[in-house]
Amino acid sequence: MLYDYHVHSNFSPDSKTSMTKMIETCINLGLKEVCFTDHMDYDVKQTDKFVLDYKEYLKTLELMQNKYKGKITIKKGIELGLQPHLIEKYNQDMKNYKFDFIICSQHAIDKNDLYYDEYFKNKSQKEAYEVYYKTLYDIIKNYNNYSVVGHVDLIKRYGNYSNILKDSLFIDIIESILKEAIYKGKGIEINTSCFRYKLPDLTPSRKIISLYKDLGGEIITTGSDAHSPAFISCKFDYICSYLKDLGFKYISTFNNLKPNFIKL
């Protein structure tokens, strides 16, 4: 059940690994399919390096598809860093460029990348989490050109706090995010970077995954968020077993933004 739908290459500035190296690692690991989802993040105060050259990226993906045809399926994906003021810009981009799969992620709020301290200044931890979830809901409610919501509770990764706040404090807004995604026929990803970052729970958390299931959500992708070969398909066997035990029947792959359901 190895389909990695969140993989980066050196088209993302936080990766130094070529597509060729990532693909050959996928083949050696026995993956049937990989979807590259390199970063496109406009309007971040701390850097402009995450603005992708769509044409060069898609051209390279087509070259890789031809080069490795018959060895592995390579899909054209992208990870969009959404902010509310960028919705129309991304709508236009997605009209102009064709992808198999689009991750809707929130990496920055008010142009401040969550990786840096600026976003967290003058906010309590509860306020920082609450603004994150409310802004994500605003994005999910108003933006439609995506396949899955990326790492729903990403905020837990940042802020240098001594602990992670419980989902129950924000459960109403988290439920609204999931309901909106389900209503629009969108999915969520299980992002196994949680193991790399040594988080105490999955990403999103088991509580959020269970809530998604209880609300009727069915579209789930497995993504390692690997930026180097060492983390490709990290813990996927465990994730697939966990999803099956939870009652999910399928994981999803995508072609031309349409989900395919692979039986667990």
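Here goes a summary of the coordinates provided.

Rules used in this analysis
Residues numbered from 1 in each chain as written. Predicted model: local features only at pLDDT ≥ 70, side-chain atom pairs only at ≥ 80, totals over all residues. Heavy atoms only, no water. Helix = DSSP H or I, 4+ residues; strand = E, 2+ residues; numbered from the N terminus. Rg over C-alpha atoms; globule rule 2.2 N^0.38 Å. Buried < 20%, exposed > 50% of the residue type's maximum accessible area, 1.4 Å probe, protein only. Contact = heavy atoms within 4.5 Å. Areas by Shrake-Rupley, 256 points an atom, 1.4 Å probe, with all protein chains shown as cover. Lys, Arg positive; Asp, Glu negative; His and termini not counted. Charge placed at Lys NZ, Arg CZ, Asp CG, Glu CD. Axes fitted to C-alpha atoms, helices over the stretch in contact; angles between N-to-C directions. Parallel < 35°, antiparallel > 145°, perpendicular 65-115°, else oblique. Left-handed = near helix turned anticlockwise from the far one by under 90°. Core = buried A, V, L, I, M, F, W, Y, C linked by side-chain atoms within 4.5 Å. Expected span 1.5 Å × (residues − 1). Arc of directions from axis to C-beta. Salt bridge = Lys/Arg side-chain N within 4 Å of Asp/Glu carboxyl O. Phe/Tyr/Trp six-rings, centres within 6.5 Å; stacked < 30°, edge-to-face > 60°. Lys NZ or Arg CZ within 6 Å of the ring centre and 35° of its normal.

## Quick word on the overall build of the chain
Part 1 of the argument: When its secondary structure is counted, the chain shows 8 helices and 11 strands.
Part 2 of the argument: Taking 2.2 N^0.38 as the reference for a compact globule, 264 residues should give roughly 18 Å; the C-alpha atoms of the chain span a radius of gyration of 17 Å, in line with that estimate.
Part 3 of the argument: Among the 264 residues that make up the chain, the fraction classed as buried is 55%.
Part 4 of the argument: Residue pairs at least 24 apart in sequence account for 76% of intrachain contacts in the chain once pairs closer than 6 positions are excluded.
Part 5 of the argument: When the accessible area of the chain is evaluated, it comes to approximately 12,100 Å², of which 47% is carbon and sulfur surface.
Part 6 of the argument: A distance of 4 Å separates the average location of the 37 positive side-chain charges in the chain from that of its 34 negative side-chain charges.

## Topic: the packing of helix α1 (residues 19–29) against helix α2 (residues 54–67)
Part 1 of the argument: Close contact between α1 and α2 brings their axes to 11 Å; oriented N to C, the two are set at 40°. With respect to α2, the element α1 is oriented oblique. As for the relative orientation of α1 and α2, their crossing is right-handed in sense. The residues of α2 that touch α1, namely those facing M19, T20 and I23, are Y57, T60, L61, M64 and K67.

## Concerning the nonpolar core
Part 1 of the argument: In terms of nonpolar packing, the biggest core is built from 82 residues, with F36, L80, Y143 and L243 touching the most fellow members.
Part 2 of the argument: The element that contributes the greatest number of residues to this core is helix α4 (residues 125–142), accounting for 7 residues.

## Some points on α4
Part 1 of the argument: Helix length check: α4, at 18 residues, gives a terminal C-alpha distance of 26 Å against a target of 26 Å (1.5 Å per residue), a fit within 8%.
Part 2 of the argument: Taken together, the buried positions of α4 are Q125, A128, Y129, Y132, Y133, T135, L136, I139 and I140. The buried residues of α4 occupy an angular sector of 165° when the element is viewed end-on, so they sit on one face.
Part 3 of the argument: Those residues of α4 that are buried lie in contact with α3 (87–96), β4 (101–105), β5 (108–109), β7 (148–149) and α5 (171–183).

## Description of the pattern of salt bridges
Part 1 of the argument: In this structure the tally under the stated criterion is 11 salt bridges.
Part 2 of the argument: Linking K184 and E180 is a salt bridge whose minimum nitrogen-to-oxygen distance equals 3.6 Å.
Part 3 of the argument: Looking at K184, the relative accessible area reads 24%, which means it is partly exposed.
Part 4 of the argument: Taken together, the salt bridges that share partners define one network made up of D153, K156 and D167.

## Quick notes on the packing of aromatic side chains
Part 1 of the argument: Applying the stated criterion across every chain, the model contains 19 aromatic pairs.
Part 2 of the argument: Taken together, a centroid distance of 5.8 Å and an interplanar angle of 80° make the contact between F120 and Y161 edge-to-face. Separated by 41 residues along the polypeptide, F120 in the loop between β6 (112–113) and α4 and Y161 in the loop between β7 and α5 bring together distant segments of the chain.
Part 3 of the argument: Accessibility expressed as a relative area gives 10% for F120, which makes it buried.
Part 4 of the argument: Taking the relative accessible area as the measure of exposure, Y161 reaches 27% and is therefore partly exposed.
Part 5 of the argument: The interplanar angle of 20° and the centroid separation of 6.4 Å between the aromatic rings of Y212 and F248 together place this pair among those described as stacked. Of this pair, Y212 sits in helix α7 (residues 206–214) while F248 sits in the loop between α8 (236–246) and β10 (250–255); the two residues are 36 residues apart in sequence, bridging distant segments of the chain.
Part 6 of the argument: A relative accessible area of 0% places Y212 in the buried class.
Part 7 of the argument: Put simply, the rings of Y119, F120, Y129, Y132, Y133, Y161 and F170 touch in pairs and so form one group of aromatic residues.
Part 8 of the argument: Against the face of F231 rests R196, its NZ or CZ located 5.0 Å from the ring centre.
Part 9 of the argument: Between K235 and the ring centre of F195, over which it is positioned, the NZ or CZ distance is 5.8 Å.

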